[in-house]
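Next come the chains, spelled out residue by residue.
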Amino acid sequence: MSMVGEVLSLPGLVALVPLAGGLLVGLVRRHDIAGWINIAVAAAAFALACLLPWEAGAGLLLLVDPLAAHMAILTSFVGLTTAWFSRFYIATEAAAGRLDAPRLRQYHALFLFFLGFMLLALLSNNLGVTWVAMESATIAAVLVVGLPRTDAAIEASWKYFILCGVGIALALFGTIVLYLAAGPALSAGLAAMSWSTLVPAAALSHGPLLNLAFVFLLIGYGTKAGLAPLHAWMPDAHAEGPTPVSAVLSGSILNVALTMLLRLRGLMAGNAAAIAPGPPLMVLGLLSLLLAAFSLWRRRDAKRFFAFSTIEQSGVAAFAFGLGGPAAVFAGLLHLTLHTLAKAAVFQCIGRASQLKGGQRFRDIGGLLAGHRALALTLAAGIVAVAGLPPFGLFTSEFLIVMQTVARQPFLAVPLGIGLVVGGWALSWRLITLCLGEPTPDRGPDAGWAMLAPAWLHLAIVLVLGLAMPAALTAWFTTIAGSVR
Amino acid sequence: MGPRLGFGVFDYDLAHMLGGAVLVLSFGLLYQRRVSAVITLYAMQAVVLAAAAAWQGWVQGAVELYLTAAITLAAKGLAIPFGLRAIVRRLDIHRTIETALGIFATMAFGVGLVALSILVVLPVTLHAYALTREDLATALSVVLLGMLMMITRRNALTQVIGFLSLENGLILAAVGVAGMPLVVELAVAVLVMLVFIVFGVFFFRIRERFDSLEAHHLDRVGRAQR
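Caption draft 1: Quick look at the packing of helix H16 (residues 373-386) of chain A against helix H19 (residues 453-467) of chain A. All names here are of chain A. Two numbers describe how H16 lies on H19: the axes approach to 10 Å, and their chain directions differ by 40°. Between H16 and H19, the interaxial angle falls into the category oblique. Where H16 crosses over H19, the handedness of that crossing is left-handed. Across the interface between the two elements, Thr378, Ala381, Gly382 and Ala385 of H16 pack against Ala455, Trp456, Leu459 and Val462 of H19.

Given below as C-alpha cells:
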C-alpha cells in the first residue's frame, strides 16, 4: 500500500479528521459555531476509532495493534466528552471576559490539533512519525496552556515548552540511536524505524546500543509521562491552562508517552544483551508515586493538587509496566484507562466549581454540598474513584498491582503501599474540605446539567468496571497485555 | 557496511574536522557573555553544521542530505539569527548576561561532559564504522553542552540559544548515521519547533511583562501562585 493510501485508510483518517477539523475551525469566522464543530469532529474521530479493532495490521507509517486501538479509542472518547464540556466551559469563560472571540476560536482549533497529533502518535508505526506527532502535540498544548495570557499562564507554557522541548529532543537522539541499534538485524530503511519490525527483530539487534537508546527514550518520553524527576512542567501546565485542557493533558498525553515506554519495554525485553527495562521503569514509577503522594499535602491550588495526583497515578502505571508479565501489564493498562476517565471527570467538576466560586484555590472552594448538590456529589464520586477506594474500578486495578508486587517483589510492596495510602489519604482529606464545611460565596454563574453529563458518563464506566467487569472487556485487556510481551 | 575509514582518509578527516568544529563552537557558546556574540557564535555553528551535513551527503552518496544542509544554512544560519537580533533590538537587551557558574567551572563541566559522551558512545558502537562512531560521540557532546548552557544561563534568550545549539547536535547525529530515512523530514520538524520557541519569546513578550528577560522573574510569579 502506498503512503498516500495509508494516510487515507481508517487509522490514517482517525488522526486526519481532527487535524482537518482544526484547520476548519481556524478558518471559520463565526466563533459561536466553533464549539459545535469541535464536538462534531471529535465525535467523528471517536466513531472511526471504534472501528480500529477490526482493522488490525501494520503498514509503512501506521500500526494498528490491540494496544494502539485501545489507546486511540480511549483518547478519542475523552476528546469527545471534553469537547462537549469545552463548549459550555469556554462559553462561560468568554462571558466572564477571560477569553475574547479570536482566542475562543484558537482554543477550539488548538484542541483539535492536540487531539489529532496525539492520535497520530498512538497509531504511528514509524518512530520518526511518532516523534514528530509528539512534538506537534506538545506545541499545540503549549499554545493552548498560554491562551489565558496571564503572567502565570505564560510562565506555565514557557516551562512546559522548555522542559518538554528538552525531553523531546533527547527522545529524538534516542530514536537515532535505536535506528543504529537495529542495523545488524534489519537492513537500512524504514523497517529499522518501525515498531512492527523492530520488536520481533530485537533479539538480533545490537544490545549495548539498545541500552543507550533506551536511556534517552526513557528520559524523553518519561518527561511527557510526568515521571519524576522531570515532572515539573505538569502542575504548572494543569493549573494555568484552561480546565478542559487539564482534563485531556492529564489523561491522554501521559497515556501516549506510557504507551511508547510500554512498547520500548517489549523491545528491550526481547534482547538478551540489553539491560532489563523493568527496574529503571519501576524506580522512576515509585519515585513519582512517593514524591507526588507527599507533595499532595502541601498544595493549596485545586488544579495543581490534582496534577500531582496525576503524577502519582502515572507512577503507579509505570511501576506496573516495569514489573512486567501479562498480569501486571493487564493491571497497569486497566489502571491507566480508568484513571484517564476518572481524572477527566474530576477536572471537569473542578473547572466548573472554580467558575462558580471565582477561584481555584482550596480556600475559595468549600462547602459545595450545601448549595450545589449535584456538582458536589459528582466531584466526591470522582475523588473517591481517583483515591482508589471501592466501589470504583481503580480499587481493582491498584489491588491487582499490589498483589502482583507482593507475589514477585515483596520488598517493593512497602513503598508502593505507603505511596498509595498517603496519596489516597490526602485526596480523602481534600474531598472533605471541598464538599463539606462552611460554604464559600458564589462569584460566578451556575451552569446547567450539560457540563456535568460527561463526568457522569466517565464515572459510570469506572463504577461498572469496578463492580463487575464484563467478560468481553477482560478478554480485550488480556489480549492487549499478551500482545506487548 | 561501508568502506573502513580512519585517520588519514580525506573523507573521514574532513567529516571529523567539521564535527569537531561544531563542538568547539559549543564551547564558545558556553563562555561567551555578550548576547550579540552568542548569537553570532550560534550562526557560525549552524553554518559549520550545514557544511558537515553536505559533506556527509557527499561521503554517503545521499542526495537528500544536501537538502538538510540547505535548510540548516538558510534557517539556522541566516533566518533564526536574524530573528534573534531583531528580538534583542526590540527588547533592548544589549548587556552581558549573568551565569550561575563561573567560566572555569562551566568549562570544566563541559570537558567532563565531552569525556562522558566519548566514554558512553565509543564502547557501544564498536560494530558501527568509525565515521558514525565519532560523529555520534561529537553529537552527544554538543547535545549535553547545549543542556549545560540552558542550566547555567539565567536569561531566557540565552536559554533558548542553548536549546537551539542542542538541536544542532541532534541534526549532527542524524546526518552521521548512514542510510537513515526521514532525516530531511525530521530536520524540518525540528525546525518548526525551533521557530516556535524563538517566536515564543517574542510572542509572549517576556521582557515587556517582567521588565527583564530573566527566567527567575518568571519563577517568582509561579511561587506567588502556588
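Next comes the rest of the description.
Caption draft 2: The interface of chain B and chain A, seen in detail. At the junction of the two partners, chain B supplies 46 residues and chain A supplies 43 residues. In this assembly, chain B packs against chain A so that about 4100 Å² is buried in total across both faces, 80% of it on carbon and sulfur atoms. Remark: the boundary between chain B and chain A carries zero salt bridges. Our count for the chain B to chain A interface comes out at zero residue pairs in polar contact (both at pLDDT 80 or more). Elements supplying a minimum of two residues to the side of chain B that touches chain A: helix H4 (103-124), helix H5 (130-152), helix H6 (156-176), helix H7 (183-204), helix H8 (206-210) and helix H9 (215-225) of chain B.

Caption draft 3: Fine view of unusual backbone geometry. Residues and elements named next belong to chain A. Note that the residue after Ala228, namely Pro229, is joined by a cis bond; omega there is 0°. For Pro229, the position within the fold is in the loop between helix H9 (207-224) and helix H10 (233-240). Residue Pro390 is joined to Pro391 through a cis peptide bond whose omega torsion reads 10°. Here Pro391 shows up in the loop between H16 and helix H17 (393-408).

Caption draft 4: Quick peek at helix H1 (residues 10-31) of chain B. The terminal C-alpha atoms of H1 of chain B lie 32 Å apart, and with 22 residues this matches the ideal 32 Å at 1.5 Å per residue to within 8%. Turning to H1 of chain B, its buried residues number three or more, namely Tyr12, Ala15, Leu18, Gly19, Val22, Leu23, Leu25, Ser26, Phe27, Gly28, Leu29 and Leu30 of chain B.

Caption draft 5: Layout of the environment of Glu93 of chain A. Residues and elements named next belong to chain A. Tracing the chain through its elements places Glu93 in helix H4 (residues 66-95). Between the C-alpha atoms of Glu93 and Ala481, which are 388 residues apart in sequence, the distance is 42 Å. In this structure, Glu93 is in contact with Arg98, Leu99 and Gln355, ignoring residues within four places of it in sequence.

Caption draft 6: Seen up close, the confidence of the model for chain B. All names here are of chain B. The pLDDT averaged across chain B works out to 79; a share of 78% of its residues lies at or above 70. Between the elements of chain B, mean pLDDT differs from a low of 45, seen in H8, to a high of 91, seen in helix H2 (residues 35-60). In this model residues 207-213 is a low-confidence stretch, pLDDT under 50, and it forms 26 contacts with partners more than four residues away in sequence or in other chains. Predicted confidence is poor over residues 220-226, with pLDDT under 50, and the contacts of this stretch with residues over four places away or in other chains come to 13 contacts.

Scoring rules and cut-offs
- Residues numbered from 1 in each chain as written.
- Chains lettered and ligands numbered in written order.
- Predicted model: local features only at pLDDT ≥ 70, side-chain atom pairs only at ≥ 80, totals over all residues.
- Heavy atoms only, no water.
- Axes fitted to C-alpha atoms, helices over the stretch in contact; angles between N-to-C directions.
- Helix = DSSP H or I, 4+ residues; strand = E, 2+ residues; numbered from the N terminus.
- Parallel < 35°, antiparallel > 145°, perpendicular 65-115°, else oblique.
- Left-handed = near helix turned anticlockwise from the far one by under 90°.
- Contact = heavy atoms within 4.5 Å.
- Buried area = accessible area lost by both parts, 1.4 Å probe.
- Salt bridge = Lys/Arg side-chain N within 4 Å of Asp/Glu carboxyl O.
- Polar contact = N/O pair within 3.5 Å; in protein donor to acceptor, adjacent residues only side chain to side chain.
- Expected span 1.5 Å × (residues − 1).
- Buried < 20%, exposed > 50% of the residue type's maximum accessible area, 1.4 Å probe, protein only.
- pLDDT = per-residue confidence, 0-100.

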